[in-house]
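# Close look at the chain arrangement
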Amino acid sequence: MLIKKITIKLVFGSIQVLLSLVAILLAILLRFNAFDMQVALNTSVAAINFYVMFLLVFGFVFIVAGLFLVYDWWES
Amino acid sequence: MNREMPSKNRKGLRLFDVVIAGLSGAIGVEIFVLLNYAYFNLAGPAVLYALVFGGIINLLIMLSYSELSTAMPLEGGEYTYIKKAYGGYVGFIFGCFRWLAAIFAASLAAVAFVLQLAFLSSAISSEMQTAVLNQSWIISIVIVAFMGLMEVRGSKKIGTFIVLAFILLFVGFIVGGFIHGLNDVNLLSAPLPLGTSGVFAAIVYVFPMFIGTKALVTTASGSENPKKDIPRALIISAIVIIPLYLLLAFVAIGTVNPSETLQQIPILNIAANNIFGGYGGVIFAIAGMVACLSTLGTALSVQSSIARGMSRDGYFPKLLQSVHPRFGTFYVTAILGSVLVMVLSVLGAIPFLGYAASFGSLLVFALVNLSLMKLRKTQPYMERPFKTPLYPLLPVLGVILSLSMLVAPVLFGDGNALDALTSGLGLVAIVLGSYYLRMTGRFRVQIALGGVGIGTGISLLCLNLISLTGLAQPIIPFIPIYVQLFFSVILIVSGFFNFITHNYKSQDNESGHLGVAKSG
């Protein structure tokens, strides 16, 4: 039972880290309009700062949270 | 340029070697790219004033370095001084900023490499130049991957003779420029893109051209006579670099017509093209590419070394000290640094990267000056072969100038600096936050983050369900709702596991103790 829980932790932790990394990458690309991202995603200029801040803050927080779960698996 | 000096087994480094180490630190990619932004966008021909100010500020700060490096000629340089003065907390902050500055410098070098390559390709055909500029992000990634691989394989660095070749090239450029004849550079009547304030804003962009001179501090432990040679070399290299860059900029400005020049093309290359013909531009483009590769390689190496040092001190995970079984190099830090540099170099924002690289260095300079004052107070009897003159005026001036340079471009209306400063402050928050979280203890942080995850996940889930009914707009409209729903479920489950992690540990420990008791 414990082994299953540990494996679930690894799976969910890894997915969370990956998704958070994608969120941060998206925020960076959006902020600097790389590959014309602002046009491609059809975002208004006024809202960009909000999205960037939202994605960056939550991205960093959830990377750490995901890494904790991966570390639990590593320790076990 | 390469910050490492050749090791000498029997004899230590002489004054000449140490001066060359300082110059090799200063002559790098910065002169090829940052001069453009400062000239075209901020100060115009008055960038020459900015160069003089930047050089003098660097000289003042080098005096503080001289005192500390002779008092503590140990490996570690600034990290040693700051840790000795303020202990581990400030040492950790310093390490983080130094590491970030190296990452940003490497990214700047990668982006600048593409510009130089584009200029070189323009000698072949304009279509090729356009193709290089259009695919700049791919080239940046490839070049960083290549240099990262070289770092993993433990390749040799470019030698000191390259530094001398660069100095000769620059001197040839200056002499050639004067022989060729220069336009009238009238500083008093020249139009300033941002007025007088632009000159102050430009200082922060030209300052990174000089700060590399401090690299010679790392040679203190290998110097024949560090107590005398290090301060002399610091002052000599800080003084020599001022007229060298000033004359380079003067000749470049005097031979280039700004209205006919694209800002993306390095001004030194265009000037060399005008002075020596097509070959001049090509030679400078090749020189620029060598400088970029050298800076990139050195910055990757520096970031790896700092990350390992902080890992040794327990601030970063021990994983960063992993050694490659075949090449015997620290491959984890090399790969991690390379990936970060790739992401940043894709942005292609030279002014942002330039300011960000400068940001870390300026904070470090302020800390070094503060360390000097603290050590004078707490350890007055420490042996100091060189003492900073006009104490405490110069260290105080060093702190004020370093910090004011950080905010000057923002105050004077440089929007790019505002972006970079905001990002820099965000990084400060992350650095400080991570330290405090570490001190709080892992399980408490994990439980707190678990709570945040559950709360955010449930909120996101509810908002998305409401938006599915059409009663409200999705919170992030450009991310499909099913992706957001998936993420919210992941957040809730992960948050739950983080939240109850301490229970597992307690149960695990209890069963472990019981096991021992039973077996006993």
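The sections below set out a description of the structure shown in this document. Source: prediction; values computed, not measured. (Residues numbered from 1 in each chain as written. Chains lettered and ligands numbered in written order. Predicted model: local features only at pLDDT ≥ 70, side-chain atom pairs only at ≥ 80, totals over all residues. Heavy atoms only, no water.)

### A look at the overall build of chain B
Helices and strands together make up the secondary structure of chain B, namely 20 helices and 0 strands. For chain B, the proportion of its 520 residues judged to be buried stands at 54%. Put simply, 81% of the contacts in chain B that link residues at least 6 apart link residues at least 24 apart. Accessible surface, chain B: about 22,300 Å² in total, of which carbon and sulfur atoms supply 68%. (Helix = DSSP H or I, 4+ residues; strand = E, 2+ residues; numbered from the N terminus. Buried < 20%, exposed > 50% of the residue type's maximum accessible area, 1.4 Å probe, protein only. Contact = heavy atoms within 4.5 Å. Areas by Shrake-Rupley, 256 points an atom, 1.4 Å probe, with all protein chains shown as cover.)

### Looking at the overall build of chain A
When its secondary structure is counted, chain A shows 3 helices and 0 strands. Walking chain A from its N terminus toward its C terminus, one meets helices and strands in the order α-α-α. Over its C-alpha trace chain A gives a radius of gyration of 16 Å, far above what one expects of a compact globule, namely 11 Å for 76 residues. Per-residue burial over chain A gives 42% buried out of 76 residues. Sequence separation of at least 24 residues holds for 65% of the intrachain contacts in chain A that already meet a minimum separation of 6. Carbon and sulfur atoms make up 75% of the accessible area of chain A, which amounts to about 4,300 Å² in all. (Rg over C-alpha atoms; globule rule 2.2 N^0.38 Å.)

### Brief notes about the nonpolar core
In terms of nonpolar packing, the biggest core is built from 139 residues, with Phe170(B), Phe173(B) and Tyr245(B) touching the most fellow members. Per-element accounting of this core gives the leading share, 20 residues, to helix α5 (residues 88-122) of chain B. Setting aside chain neighbours within four positions, we find Phe170(B) in contact with Ile27(B), Ile31(B), Phe32(B), Leu244(B), Tyr245(B), Leu248(B) and Phe284(B). In this structure, Ala23(A), Leu30(A), Val52(A) and Leu55(A) belong to the second largest nonpolar core, which totals 16 residues. (Core = buried A, V, L, I, M, F, W, Y, C linked by side-chain atoms within 4.5 Å.)

### A closer look at the packing of α5(B) against helix α6 (residues 126-134) of chain B
Residue and element names in this part refer to chain B. Remark: α5 packs on α6, axes separated minimally by 7 Å, with the N-to-C direction vectors making an angle of 165°. When the axis of α5 is compared with that of α6, the two are roughly antiparallel. Crossing of α5 against α6: the hand is right-handed. Where α5 approaches α6, its residues Val 114, Leu 115, Leu 117, Ala 118, Phe 119, Ser 121 and Ser 122 are matched on the opposing element by Met 128, Gln 129, Val 132 and Leu 133. Considered class by class, the residues forming the contact of α5 with α6 number 8 nonpolar, 3 polar and no charged. (Axes fitted to C-alpha atoms, helices over the stretch in contact; angles between N-to-C directions. Parallel < 35°, antiparallel > 145°, perpendicular 65-115°, else oblique. Left-handed = near helix turned anticlockwise from the far one by under 90°. Nonpolar A, V, L, I, M, F, W, Y, C, P; charged D, E, K, R; others polar.)

### Quick look at the interface of chain A and chain B
Taken together, the contact pairs 33 residues of chain A with 32 residues of chain B. Between chain A and chain B lies a buried interface of about 3,000 Å² when both sides are counted; carbon and sulfur atoms form 81% of it. The interface formed by chain A and chain B contains 0 salt bridges. Across the chain A-chain B interface, the total number found is 3 residue pairs in polar contact (both at pLDDT 80 or more). Of all the elements in the fold, those that place two or more residues in the side of chain A that touches chain B are α1 (2-31) and α3 (45-75) of chain A. The dominant element in the side of chain A that touches chain B, judged by the number of residues it contributes, is α1(A), at 15 residues. (Buried area = accessible area lost by both parts, 1.4 Å probe. Salt bridge = Lys/Arg side-chain N within 4 Å of Asp/Glu carboxyl O. Polar contact = N/O pair within 3.5 Å; in protein donor to acceptor, adjacent residues only side chain to side chain.)

### Describing the packing of aromatic side chains
Two measures describe an aromatic ring pair: the distance that separates the ring centres and the angle between the ring planes. Residue and element names in this part refer to chain B. This structure, assessed with the given rule, holds 18 aromatic pairs over all chains. Ring geometry for Phe 166 against Phe 170: centres 6.0 Å apart, planes inclined by 70°, an arrangement best described as edge-to-face. Taken together, the residues span about one helical turn, with Phe 166 and Phe 170 both in helix α8 (residues 160-180) at a distance of 4 residues. A residue is classified by how much of its surface remains accessible, and Phe 166, at 4% relative accessible area, is buried. A cation over an aromatic ring shows up here: Arg 376 above the ring of Tyr 391, its NZ or CZ 4.1 Å from the ring centre. (Phe/Tyr/Trp six-rings, centres within 6.5 Å; stacked < 30°, edge-to-face > 60°. Lys NZ or Arg CZ within 6 Å of the ring centre and 35° of its normal.)

### Regarding the environment of Met37(A)
All names here are of chain A. Take Met 37: it is sitting in helix α2 (residues 37-40). The spacing of Met 37 and Ala 27 is 10 residues in sequence and 9.9 Å in space, taken between C-alpha atoms. Beyond its immediate chain neighbours, meaning those up to four positions away, Met 37 contacts Leu 29 and Leu 30.

### A word on the environment of Pro392(B)
Residues and elements named next belong to chain B. If you trace the backbone, Pro 392 turns up in the loop between α15 (350-378) and α16 (393-411). The partly exposed category is assigned to Pro 392, whose relative accessible area is 42%. With 16 residues separating them along the chain, Pro 392 and Arg 376 place their C-alpha atoms 9.6 Å apart.

### Let's talk about the pattern of salt bridges
Applying the stated rule across the entire model yields 4 salt bridges over all chains. With a shortest N-O distance of 3.0 Å, Asp72(A) and Lys9(A) are connected by a salt bridge. You can see Asp72(A) sitting in helix α3 and its partner Lys9(A) sitting in helix α1, a full 63 residues away along the chain. Pair check on accessibility: Asp72(A) and Lys9(A) agree, each one buried. The partner of Arg14(B) in a salt bridge is Asp17(B), and the shortest N-O contact between them spans 3.7 Å. Looking at Arg14(B), the relative accessible area reads 44%, which means it is partly exposed. By relative accessible area, Asp17(B) is classed as buried at 9%. Among the charged side chains, a salt-bridge network with shared partners connects Glu67(B), Arg376(B) and Arg384(B).

### Describing unusual backbone geometry
Residues and elements named next belong to chain B. For the bond from Tyr 391 to Pro 392, the omega torsion is 5°, close enough to zero to count as cis. The residue Leu 390 is not glycine, and still its phi comes out positive at about 55°. Note that Leu 390 resides in the loop between α15 and α16.

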